[in-house]
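Spelled out from the first residue to the last, the chains are:
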Amino acid sequence: MRCGPQPMRCGPQRRGWSARLKTRLLLWFVAAILLAFAVSSLTVSVTRPEGTEFPAQIVAKHVQNKLAQKWEDPRACAAIVHDLREATGLDFSLERDPNVLPKRRRRGHATGGVVFDGTTTYVPIVRDGEALGALALRSSAPGAAGPIRLLFGLFMGGLVLSAVARKVAKRISSPLEQIAQAAERFGTGDLAARTGIDTAARGSRHIADEVREVAYSFDEMAGRIERVVRDQRELLAAISHEIRSPLGRARVGLEMAREEATEVHGERLAAIDRELREVDAILGDLLAAARAGLSDVRLETIPVLPWLRSRLATLSRPDMPELELDDDGIELDVTVSCDKALLGRALENLVNNAVAHGHATNEPITVRVEHDARELRIVVRDRGPGIPEELLPRMFEPFVKGDKARTPGRGVGTGLGLALVLRIAEAHGGKAFAKNRSDVTGKVVGAEVGIVLPRS
């Protein structure tokens, strides 16, 4: 199983989620209110008893009937209109020409319906299904003032609704964004990251109690994890001191014993020394892997080429092949954000892997740097027999070792070196890879093992 923190989403895509959440909440609030209004109107319409009419319809129908009955008496009709004008204060008039109505309103309507032409509302006067004329109500506003006022009212109502919904959406999304930012900082190794929300102040008008509970749970979890991680770091430091100290004393004792040992005993002591070195290497890999797994990554931006030259010079030994840096086409100002100690350990393990798996001692090991706008790759190329195809998918699993028959006369390591390389790469938000190299005939001429890091 691969451990270590995974790269987190970042950049504009991650930072824009709060704005998208506010927009979605706003749209949902507006849609919910409009839907509620539509459902209410439909419910009133459906539940109204069949055949019943609103009071305004009843009054309009009563006036229509009275005018239809008195239609042949202009004085009586004028008196009805005059009384109606006096009672309501509205500008009513009687139109005796049915042509003021649309053709579809002149026939076949018991009540005639109501017609609005932008400035005047017409109530048809109907008798025996035939329109005789219309009662006209003229608006005091010119043109299409009625619909304009209606649209303006709807627009202002929408603005008020949007402002209220935006405030509610911000109240919900802002503390959630604080929690998300704290989680991102915590995931990248800042164990002191907290939400900054006052989890003790219940009933605040600014933050919902449910969101406050989420923040409280996160802060409590972060505090517990921080205590566990710090305890583990202290334990690892103690283990390193307590185990390496006797190992160092044992190796000093071996050196003293070699001075007085016979040839046979000297070989045995050399074998014991190799075992002690292997134990020391295993311990170092375990401690480095634990540190990477705890996200104890101290990032700093470094120029890649100068750091690689210095590190390869440190790794070079008389008993190992020459280390060759292939920096063709790489600018000196190429940088990467990394933990120098952990990245140096990963490079050392990549070189040791090449040495231990069949690279010819008389040929240099090539360390290649490649990069583009998004990532940087450090690749170690050897000229050994390559990696068995069945092992390629499992190269970075702990305790997976090569075949001694393919590398006679050499060890095959502890099986932790490449597993640590993967963990260090993942702790930086990157990955590791391994593949064989072939010549033009398809023959395997070595292997490429390396790490990929995101650019700073």
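Above this text you will find the structure in question.
The paragraphs below set out a description of the structure included in this document.

Calculation criteria
- Residues numbered from 1 in each chain as written.
- Predicted model: local features only at pLDDT ≥ 70, side-chain atom pairs only at ≥ 80, totals over all residues.
- Heavy atoms only, no water.
- Salt bridge = Lys/Arg side-chain N within 4 Å of Asp/Glu carboxyl O.
- Buried < 20%, exposed > 50% of the residue type's maximum accessible area, 1.4 Å probe, protein only.
- Pairing = 2+ DSSP bridges.
- Helix = DSSP H or I, 4+ residues; strand = E, 2+ residues; numbered from the N terminus.
- Axes fitted to C-alpha atoms, helices over the stretch in contact; angles between N-to-C directions.
- Contact = heavy atoms within 4.5 Å.
- Core = buried A, V, L, I, M, F, W, Y, C linked by side-chain atoms within 4.5 Å.
- Phe/Tyr/Trp six-rings, centres within 6.5 Å; stacked < 30°, edge-to-face > 60°.
- Lys NZ or Arg CZ within 6 Å of the ring centre and 35° of its normal.

With that settled, the discussion passes to the pattern of salt bridges. Any two side chains of opposite charge can pair, so long as their charged atoms come close to each other. Scanning the model with the defined rule gives 13 salt bridges in all. With a shortest N-O distance of 3.8 Å, D372 and R377 are connected by a salt bridge. When its relative accessible area of 32% is taken as the criterion, D372 is described as partly exposed. One salt bridge connects E375 with R377, and the closest N-O pair in it is separated by 2.9 Å. E375 sits in the partly exposed class, given a relative accessible area of 26%. Each of E370, D372, E375, R377, R381, K435, R437 and E448 takes part in a single network of salt bridges with overlapping partners.

Right, let's get into the sheet that holds strand 6 (residues 323-326). The five strands are arranged 6-8-9-11-10 in an open sheet whose pairing can be described as mixed. If you trace the sheet from one side to the other, it starts and ends with strand 6 and strand 10 (431-438), each paired once. Across the sheet, the mean angle from the axis of one strand to that of its neighbour is 20 degrees, orientation sign disregarded. Bridge count between strand 10 and strand 11 (residues 444-454): eight bridges; the pairing is antiparallel. Paired with S438 across the bridge in strand 11 is V444. Against the sheet, helix 9 (residues 340-356) touches strand 6, strand 8 (365-371), strand 9 (375-381) and strand 11, its axis set at about 30 degrees to strand 9. Sitting on the sheet, helix 10 (residues 417-427) is in contact with strand 10 and strand 11, with an inclination near 130 degrees to strand 10.

The subject of this paragraph is the nonpolar core. Counting 48 residues, the largest nonpolar core has L347, V369, I387, M395, F396, V421 and I451 as the members making the most contacts within it. With eight residues, helix 9 is the single largest residue contributor to this core. If near-sequence neighbours (up to four positions away) are discounted, F396 is found in contact with L418, A419, V421, L422, A432, F433, A434 and V449. One finds L67, I125, L132 and L135 within the second-largest nonpolar core, a separate group that totals 13 residues.

Let us now look at the packing of aromatic side chains. Evaluated as defined, the whole model comprises one aromatic pair. With centroids separated by 6.3 Å and ring planes inclined at 75 degrees, the aromatic side chains of F186 and F218 adopt a geometry described as edge-to-face. Remark: F218 occurs in helix 6 (residues 209-258) and F186 occurs in helix 5 (residues 145-187); sequence separation between them is 32 residues. You can call F186 buried: its relative accessible area is 12%. Its guanidinium or amino end placed over the ring of W71, R96 lies 4.1 Å from that ring's centre, counting from NZ or CZ.

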